[in-house]
Amino acid sequence: MPPIIDIHIHIQPLDMIKPEALKMIQHGRKDYVEVEKYSESPAAFLKFMDEAEIERAGLINYVSPDVIGFGPEVNDWCAQYCSAAPDRLIAFGSVHPKYVPDAAAEVERIHKLGIRGLKVHPSHQLFAPNAYRDGFGPLGAMYEKAQELAIPIMIHTGTSIFPGARNLYAQPLLADDIGIDYPNLVVILAHGGRPLWMEEAFFLVRRHKNMHMDISGIPPQKLMEYFPRIEEIADKVLFGTDWPGPGVPGVRGNIAKFRALPISPAAQQKILYDNAARMFPVRP
Ligand SMILES: [Zn+2]
């Protein structure tokens, strides 16, 4: 089987999560003990990746003091965790411009730590992704610095059911401004706006040269219904599972179902591996 990159997995410091949010993650999970084990041990998680035939994984972490509980130290945690296998683990962190004195300096700091991608989670960070146009200057400074350092940004789009999440900020179309104002910034629209705004995500990926999307959190059996023209954007779609997020049963089943979809082998290869490999070369 050809190699796979799962660009969207949540291995995170569970002890930093608020009790209400942690309950959402634990809810209905029979494999929660495994999740705990992986968050403590990169070696155990790498073994899990081997068994699922995943060559590389993007580990998504982000600062969200209000909804999830993470402060800026989550970046240090993720960089440290991924340093166990930098050729296989792609560290995603984030800068919440309200919680650091200098957003651009924080981008530089965490970049040096080894953070390879920046997550923006508007509905958990409680700002619109284009709020820099309404006076939230430090957000613009963060995008500017990420563009300068060629760090890809992943923006959560689509609904969230975590307590306190504000879904008004989760519409893909709010990211249109970013494509206009930061044309060289590489953007991944996580979850393709599912389950309410897929047309918006598809439109943006086609409109802006550096806009991509990941298909994480979308049940594979829904993918063709949500994105019937996915082959047209096969160069800009990244495979991901969002495991162990709410409603994501497992990684292996997800991969098998994806492979069974009526998508050409060439397009599958791009989505499962090539696009992410190009965006995150093993040695930058
Ligand atoms: Zn996610």
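Chemist: I'm lost on the overall build of the chain in this one. Help?
Modeler: Helices and strands together make up the secondary structure of the chain, namely 12 helices and eight strands. Here the C-alpha radius of gyration of the chain, 17 Å, is about what a compact globule of 284 residues would show, namely 19 Å. Dimensions of the chain, computed from C-alpha atoms along their principal axes, come out at roughly 45 × 40 × 40 Å. A burial count over the chain gives 60% of its 284 residues as buried. Long-range pairs, those at least 24 residues apart, make up 77% of the contacts in the chain between residues at least 6 apart in sequence.

Chemist: Honestly, the coordination of the zinc ion in this entry has me stumped. Any pointers?
Modeler: Reference values for coordination geometry: four tetrahedral donors around a metal ideally subtend 109.5 degrees, six octahedral donors ideally subtend 90 or 180 degrees. Note on the zinc ion: its protein donors are His8 (NE2), His10 (NE2) and Asp242 (OD). The metal-donor distances range over 2.0 to 2.3 Å. Taken in sequence order, the residues that donate to the zinc ion follow the motif H-x1-H-x231-D. A residue is classified by how much of its surface remains accessible, and His8, at 0% relative accessible area, is buried.

Chemist: So what exactly am I meant to see when it comes to helix H3 (residues 42–51) here?
Modeler: Along an α-helix, residues three or four apart share an orientation, since each turn contains 3.6 residues. Listing the buried residues of H3 in full gives Pro42, Ala44, Phe45, Leu46, Phe48 and Met49. Buried residues along H3 sit in contact with strand E1 (5–9), helix H2 (32–40), strand E2 (56–60), helix H4 (73–82), strand E3 (89–93) and helix H11 (251–259). The first or second residue beyond H3 is Glu53, which carries a positive phi of 60°.

Chemist: Got a minute to help me understand the packing of aromatic side chains in this structure?
Modeler: Within a pair of aromatic rings, the relevant descriptors are the distance that separates the centres and the angle that separates the planes. Using the criterion set out here, one finds 12 aromatic pairs in the structure. Their ring planes at 20° and their centres at 4.9 Å tell us that Phe48 and Trp243 sit as a pair that is stacked. Of this pair, Phe48 sits in helix H3 while Trp243 sits in the loop between strand E8 (237–238) and H11, and the two are 195 residues apart along the sequence. Residues Phe48 and Trp243 agree in their burial class; the two are buried. Residues Tyr143 and Tyr182 carry aromatic rings whose centres are separated by 5.4 Å and whose planes lie at 55° to one another, so their mutual orientation is tilted. Here the residue Tyr143 occupies a position in helix H7 (residues 137–148), and Tyr182 occupies one in the loop between helix H8 (176–181) and strand E6 (187–190), the gap between them amounting to 39 residues. The same class applies to Tyr143 as to Tyr182, namely buried.

Chemist: Hey, could you run me through helix H9 (residues 198–207) in this one?
Modeler: Inspection of H9 places Met198, Glu200, Ala201, Phe202, Leu204 and Val205 among the buried residues, and these make up the whole buried set. Summarising the contacts, the buried residues of H9 are in contact with H8, E6, strand E7 (211–214) and helix H10 (220–226).

Chemist: Just checking my understanding: could you explain the nonpolar core for this structure?
Modeler: One recurring pattern in soluble globular proteins is that nonpolar side chains are buried together. Membership of the largest hydrophobic core comes to 102 residues, with the highest contact counts inside it found for Phe45, Leu59, Tyr143, Leu189 and Ile215. Not counting the four nearest positions on each side in its chain, Leu189 is found in contact with Ile155, Thr157, Ala175, Ala201, Leu204, Val205, Met211, His212, Met213 and Asp214.

Chemist: Would you explain the sheet that holds E1 in this entry?
Modeler: The strand order across the open sheet formed by eight strands is E1-E2-E3-E4-E5-E6-E7-E8, and the pairing between neighbours is parallel. In the strand order of this sheet, the two ends are held by E1 and E8, each with one partner.

Chemist: Is there a simple way to think about unusual backbone geometry in this case?
Modeler: The general pattern is negative phi for most residues beyond glycine and trans for most peptide bonds. Residue Pro195 is reached from Arg194 by a cis peptide bond, and omega for that bond is 0°. In this chain, Trp243 is followed by Pro244 through a cis amide linkage whose omega measures -5°. Its location among the elements puts Pro244 in the loop between E8 and H11. In the Ramachandran plot, His191 falls in the positive-phi region, its phi being about 70° despite a non-glycine side chain. A residue is classified by how much of its surface remains accessible, and His191, at 2% relative accessible area, is buried.

Chemist: I keep staring at the pattern of salt bridges and nothing clicks. Help me out?
Modeler: A side chain of one charge can pair with a side chain of the opposite charge if their charged atoms are brought near each other. Inspection of every chain in the model, using the stated rule, returns 14 salt bridges. Between Arg88 and Asp50 there is a salt bridge; the shortest N-O distance is 2.9 Å. Placement of the pair is Arg88 in the loop between H4 and E3 and Asp50 in helix H3, with a sequence separation of 38 residues. Given the relative accessible area of 18%, Arg88 is considered buried. The structure contains a network of salt bridges with shared partners spanning Asp76, Glu106 and Arg109.

Analysis parameters
- Residues numbered from 1 in each chain as written.
- Predicted model: local features only at pLDDT ≥ 70, side-chain atom pairs only at ≥ 80, totals over all residues.
- Heavy atoms only, no water.
- Helix = DSSP H or I, 4+ residues; strand = E, 2+ residues; numbered from the N terminus.
- Rg over C-alpha atoms; globule rule 2.2 N^0.38 Å.
- Buried < 20%, exposed > 50% of the residue type's maximum accessible area, 1.4 Å probe, protein only.
- Contact = heavy atoms within 4.5 Å.
- Donors = N, O, S within 2.8 Å, 3.2 Å for Na, K, Ca; no water.
- Phe/Tyr/Trp six-rings, centres within 6.5 Å; stacked < 30°, edge-to-face > 60°.
- Core = buried A, V, L, I, M, F, W, Y, C linked by side-chain atoms within 4.5 Å.
- Pairing = 2+ DSSP bridges.
- Salt bridge = Lys/Arg side-chain N within 4 Å of Asp/Glu carboxyl O.

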